[in-house]
Amino acid sequence: MKKHVVLIEDEPAIRDNYRAAFERRGYRVTAHGDRASAWQVLRQALPDLAIIDVGLGDEPEGGFALCQDLRSLSQTLPIIFLTARDSDIDSVHGLRLGADDYVTKDMSLDHLLARVTALLRRADAWAEALQKPDEVLQRGQLTLNVDRMTVAWNDAPIDLTVTEFWMLYSLVQHPGHVRSREQLMEAASTVLDDNTVTSHIKRIRRKFLQLDENFDGIQTAYGMGYRWNAREV
């Protein structure tokens with residue numbers, strides 16, 4: 001069965017171009033030009049992946065709002081922001097809202113398609129894992145259920161996106177061992193730049209700190225990457 005990709009883009013020419021490109025690659029594509037029409041359909045049934053423009057019509061940040069709505073329905077739906085903006089502020093804000101990736105419209109279609117393919121493969125791998133007995137990692141106050149993709153700190157649940165979950169999993173597998181940004185991208189089966197990886201790590205930390213102001217589980221190895229604090233084992 002063809003993978004279903006939803007594209008929310010308010011510029012007709014760009015929307016049609018992207019739609020044609022994805023359909024040539026064998027995807028089933030549904031396209032919307034504004035947040036309201038997209039939400040009316042998506043709240044009834046979710047696609048396999050969503051690509052959302054940040055600015056939608058007269059809503060400069062309509063894509064951000066739609067992302068929040070989608071995350072309220074699913075923590076695992078792969079979401080990519082597509083936008084003409086190219087600023088770290090937009091990127092960080094988008095990732096804080098739970099997007100898995102963030103690309104600008106000047107990026108080549110081949111590069112975007114590669115990112116889509118990586119995110120869909122990751123989603124398929126997770127679906128297959130659900131058929132196996134639960135794998136649970138316990139690291140001190142941290143409980144990480146690999147198959148259910150759930151995380152708890154001191155028995156309090158923490159909601160992570162798919163990208164955040166696999167990055168955390170990569171770190172806690174081997175406490176004290178440094179994971180480079182490239183290794184974290186590989187673990188999350190996605191293609192990101194260094195700044196985007198850093199934004200994901202900051203977002204994960206923030207979620208733990210909301211539960212425990214003394215959280216120090218994720219440490220930065222400057223110039224190298226990140227590691228899970230061995231003292232948290």
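Reading guide: rules and limits
Residues numbered from 1 in each chain as written. Predicted model: local features only at pLDDT ≥ 70, side-chain atom pairs only at ≥ 80, totals over all residues. Heavy atoms only, no water. Helix = DSSP H or I, 4+ residues; strand = E, 2+ residues; numbered from the N terminus. Buried < 20%, exposed > 50% of the residue type's maximum accessible area, 1.4 Å probe, protein only. Lys, Arg positive; Asp, Glu negative; His and termini not counted. Salt bridge = Lys/Arg side-chain N within 4 Å of Asp/Glu carboxyl O. Pairing = 2+ DSSP bridges. Right-handed = clockwise from strand over helix to strand, strands pointing away. Axes fitted to C-alpha atoms, helices over the stretch in contact; angles between N-to-C directions. Contact = heavy atoms within 4.5 Å. Parallel < 35°, antiparallel > 145°, perpendicular 65-115°, else oblique. Nonpolar A, V, L, I, M, F, W, Y, C, P; charged D, E, K, R; others polar. Phe/Tyr/Trp six-rings, centres within 6.5 Å; stacked < 30°, edge-to-face > 60°. Core = buried A, V, L, I, M, F, W, Y, C linked by side-chain atoms within 4.5 Å.

**Quick look at the side chain of R205**
1) Next: In this fold, R205 is placed in helix α8 (residues 194–211).
2) Next: This buried residue, R205, is left without a salt bridge; D216 holds the nearest opposite charge, at 6.6 Å.

**A look at the pairing of strand β1 (residues 4–8)**
Regular strands place their side chains on alternate faces of the sheet.
1) Next: In terms of burial, β1 is a largely internal element, five of the five residues being buried.
2) Next: Burial along β1 is two-sided: H4, V6 and I8 and V5 and L7, pointing in opposite directions, are all buried.
3) Next: In this structure, β1 lies alongside strand β2 (residues 28–32), joined through five bridges in parallel fashion. Its bridge partner lying in β2, L7 is registered against A31.
4) Next: A crossover links β1 with its parallel partner β2, the connecting element being helix α1 (residues 12–24), and its sense is right-handed.
5) Next: Judged from the four bridges that link them, β1 and strand β3 (residues 49–53) form a sheet pairing that is parallel. Directly across from I8, in β3, lies its bridge partner I52.

**Overview of the sheet that holds β2**
1) Next: With respect to topology, five strands assemble into an open sheet ordered β2-β1-β3-β4-β5, the strand pairing being parallel. Unpaired on one side and paired on the other, β2 and β5 (101–104) mark the two borders of the sheet. Across this sheet, the average inter-strand angle for adjacent strands is 20°, counted without regard to direction.
2) Next: Pairing of β3 with strand β4 (residues 79–83) involves four bridges; the strand directions are parallel. Bridge pairing in β4 places A50 opposite I79.
3) Next: Along the sheet, α1 contacts β1, β2, β3 and β4; its crossing angle with β2, the most-contacted strand, is approximately 170°.

**Side note on the sheet that holds strand β7 (residues 142–145)**
1) Next: Ordered by their spatial adjacency, four strands build an open sheet running β6-β7-β8-β9, and the pairing between neighbours is antiparallel. Looking at strand neighbours, the two that pair on one side only are β6 (136–139) and β9 (156–158), the edges of this open sheet. When the angles between neighbouring strand axes are averaged without regard to direction, this sheet yields 20°.
2) Next: Where strand β8 (residues 150–153) lies against β9, three bridges are found, and the strand directions are antiparallel. Looking at β9, one finds that W153 is bridged to A156.
3) Next: Across the face of the sheet, α8 comes into contact with β7, β8 and β9 while running at roughly 160° to β9.

**Re the packing of helix α6 (residues 162–173) against α8**
In a pair of packed helices, the angle between the axes and the distance between the axes together describe the arrangement.
1) Next: Two elements in contact, α6 and α8, have axes separated by 10 Å at closest approach and are oriented at 85°. Put simply, α6 runs roughly perpendicular to α8. Here T163, E164, M167, L168 and L171 of α6 lie close against α8, whose contacting residues are V197, H200, I201, R203, I204, K207 and F208.
2) Next: For the contact of α6 with α8, a count of residues per class yields seven nonpolar, two polar and three charged.

**Side note on the packing of aromatic side chains**
1) Next: Evaluated as defined, the whole model comprises ten aromatic pairs.
2) Next: A centroid spacing of 5.1 Å and a plane angle of 85° characterise the contact between F165 and W166, whose relative ring orientation is edge-to-face. The burial state of F165 is the same as that of W166; both residues are buried.
3) Next: On the numbers, 6.0 Å between centres and 55° between planes, the contact of F215 with W228 is tilted.

**Some details on the nonpolar core**
1) Next: In terms of nonpolar packing, the biggest core is built from 28 residues, with L144, V151, W166, L168, F208, I218 and W228 touching the most fellow members.
2) Next: Of all the secondary structure elements, the ones that give two or more residues to this core are β7, β8, α6, α7 (181–187), α8 and β11 (225–228).
3) Next: Filtering out sequence-adjacent residues up to four positions away, W228 remains in contact with R139, L142, W153, L168, L171, V172, P175, G176, F215, G217 and I218.
4) Next: In this structure, A38, A50, V54 and I79 belong to the second largest nonpolar core, which totals 17 residues.

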